[in-house]
Amino acid sequence: VDESDPDLDEPQIEHLLQTAEALRRDYPSEDWFHLTGLIHDLGKVLLHPKFAGAPQWAVVGDTFPLGCAFDSSIVYSEYFRENPDYHNPKFNTKYGIYEEGCGLEKLVLSWGHDEYMYQVLKLNKTRLPPQALFIIRYHSFYSLHQNGAYAYFMNDFDRQMFPWLLRFNKYDLYSKSKVRVNVEEVKSYYMSLIDKYLPHKLRW
C-alpha cells in the first residue's frame, strides 16, 4: 500500500485494476491505454522487502525537476529550504541548468516509481506507444499537470503527449473504489495485452 495516497487503503493491485477497467470502459479501442492503467504503478515494487526494500519517501509521492528552482506547488515544498540546491545560484533560478523549451526528456527528475518503471519499459524495448511511456514517466509530476509549473520546459513532442497525461490523471485519481474487480473475469484480456506489448520476460 502506498502510504502517500490518502484515498487508497486497498492493495495496490486493486487500484491498478480499477484504473485499467475504467479506461477500458471509456476508451474501448485504445487497448494500450488499458495496459498503461494496469502497469503505471508497478514501479512501486521497489517498496517490497523481497525486491529492493526501499523506503516510502524514495518511491512514492510527487516527482519534480532537479537543477532549477523548486516550485511552491510541489507538496511539502517548504522543506526544500533545507536542501542545499535551494540556496545554490546555479540551481535556484527559473531555468537553472536548462533552457526554455528544452523538452521534459532533458530534465533530471527526482527518483521514484514513475522513473523506475519508465526505465524498465525502455530497457525491455516495450511495444507500447510513446503516449504510454510519457504517462508512466510523468503521472506523479503533479506540479506540471495540475498547476502548470515547468510548462516552459515543454517542447512540441511534450505538448502532443500532454493531453493523454491529463486524460489518464483523472482515472488515476478518481477511479478508486471499495468495489473490487473480479480478477478471473478480466485476467485473459490483460494477459493478451501483456503478450502484445511486452516481452515474455522482463529485466528489472
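The structure presented is a predicted model; accordingly, all values stated were derived computationally and were not measured.

K.L.:
Please explain the layout of surface pockets as it appears in this structure.
P.N.:
By rolling a water-sized probe across the atoms, one finds the places where empty space is left. Empty space within the second largest pocket amounts to approximately 210 Å³. Every residue lining the second largest pocket is listed: Ile13, Leu16, Leu17, Leu38, Leu42, Val183, Val186, Lys187, Tyr190, Met191 and Ile194. Contributing elements (two or more residues each) for the lining of the second largest pocket: α1 (12-26) and α8 (183-197). Per-element accounting of the lining of the second largest pocket gives the leading share, six residues, to α8. Classifying every residue of the lining of the second largest pocket gives ten nonpolar, no polar and one charged.

K.L.:
I keep staring at the packing of aromatic side chains and nothing clicks. Help me out?
P.N.:
How two aromatic rings sit relative to each other is set out by the distance from centre to centre and by the angle between their planes. Enumeration according to the criterion identifies 26 aromatic pairs in this entry. Taking 5.9 Å as the distance between ring centres and 40° as the angle between the ring planes, the aromatic pair formed by Phe141 and Tyr150 counts as tilted. Ring geometry for Tyr150 and Phe153: centres 6.4 Å apart, planes at 10°, overall stacked. Across the pair, Phe153 and Tyr150 agree in class, each one buried. By way of ring pairs, the aromatic residues Tyr95, Tyr98, Phe134, Tyr138, Phe141, Tyr150, Tyr152, Phe153 and Phe157 are connected into one cluster. Sitting over the ring of Trp164, Arg167 keeps its end group 4.4 Å from the ring centre.

K.L.:
What's the story with the nonpolar core in this structure? I'm lost.
P.N.:
What tends to happen in soluble globular proteins is that the nonpolar side chains get buried as a cluster. By size, the foremost hydrophobic cluster in this structure holds 34 residues, and its most contacted members are Trp32, Phe33, Leu35, Leu38, Ile39, Leu121 and Leu128. Elements with a minimum of two residues in this core: α1, α2 (31-39), α4 (113-123), α5 (130-138), α7 (156-174) and α8. Not counting chain neighbours up to four residues away, the residues in contact with Leu128 comprise Trp32, Leu35, Thr36, Ile39 and Tyr197.

K.L.:
I'm lost on the environment of Ser140 in this one. Help?
P.N.:
Within the fold, Ser140 resides in the loop between α5 and α6 (142-145). The sequence separation of Ser140 and Phe64 amounts to 76 residues, and the corresponding C-alpha distance is 8.4 Å. Sequence-distant contacts of Ser140, defined by excluding residues within four places in its chain, comprise Gly61, Asp62, Thr63, His113, Asp114 and His145.

K.L.:
Please explain the pattern of salt bridges as it appears in this structure.
P.N.:
Once the charged atoms of two side chains with opposite charge are near each other, the side chains can pair. According to the stated counting rule, one finds eight salt bridges in the structure shown. In this structure, Lys44 and Asp41 form a salt bridge, with 3.3 Å as the shortest nitrogen-oxygen distance. The partner of Glu105 in a salt bridge is Arg137, with the nearest N and O atoms 2.9 Å apart. With Glu105 in the loop between α3 (84-87) and β2 (108-109) and Arg137 in helix α5, this residue pair connects regions lying 32 residues apart in the sequence. A relative accessible area of 8% places Arg137 in the buried class.

K.L.:
What should I look at first to understand the side chain of His40 in this one?
P.N.:
By the element assignment, His40 lies in the loop between α2 and β1 (65-66). You can call His40 buried: its relative accessible area is 0%. Reaching out from His40, the side chain makes a polar contact with the backbone oxygen of Gly37 at a distance of 2.8 Å. A distance of 3.1 Å separates a polar atom in the side chain of His40 from a polar atom in the side chain of Asp172. Filtering out sequence-adjacent residues up to four positions away, His40 remains in contact with His15, Leu16, Thr19, His113, Ile136, His139, Phe168 and Asp172.

K.L.:
Please clarify how α2 should be interpreted in this entry.
P.N.:
Every α-helix carries 3.6 residues per turn, so stepping three or four residues along brings you back to the same face. With nine of nine residues buried, α2 is to be regarded as a mostly interior element. Within the sequence span of α2, burial applies to Asp31, Trp32, Phe33, His34, Leu35, Thr36, Gly37, Leu38 and Ile39.

K.L.:
Would you mind showing me how to read unusual backbone geometry here?
P.N.:
Excluding glycine, a negative phi dihedral is what most residues carry, and trans is how most peptide bonds are arranged. For Tyr76, which is not glycine, the phi dihedral falls at a positive 60°. Position of Tyr76 relative to the elements: it lies in the loop between β1 and α3.

The rules behind each value
Residues numbered from 1 in each chain as written. Predicted model: local features only at pLDDT ≥ 70, side-chain atom pairs only at ≥ 80, totals over all residues. Heavy atoms only, no water. 1 Å grid on protein atoms, 1.4 Å probe; cavity = no way out; pocket = protein on both sides within 12 Å on 5 of 7 lines; lining within 4 Å. Points joined across faces, edges and corners; volume = space filled by probe spheres on them. Helix = DSSP H or I, 4+ residues; strand = E, 2+ residues; numbered from the N terminus. Nonpolar A, V, L, I, M, F, W, Y, C, P; charged D, E, K, R; others polar. Phe/Tyr/Trp six-rings, centres within 6.5 Å; stacked < 30°, edge-to-face > 60°. Buried < 20%, exposed > 50% of the residue type's maximum accessible area, 1.4 Å probe, protein only. Lys NZ or Arg CZ within 6 Å of the ring centre and 35° of its normal. Core = buried A, V, L, I, M, F, W, Y, C linked by side-chain atoms within 4.5 Å. Contact = heavy atoms within 4.5 Å. Salt bridge = Lys/Arg side-chain N within 4 Å of Asp/Glu carboxyl O. Polar contact = N/O pair within 3.5 Å; in protein donor to acceptor, adjacent residues only side chain to side chain.

Keep in mind that these numbers describe shape and distance, not what the molecule does.
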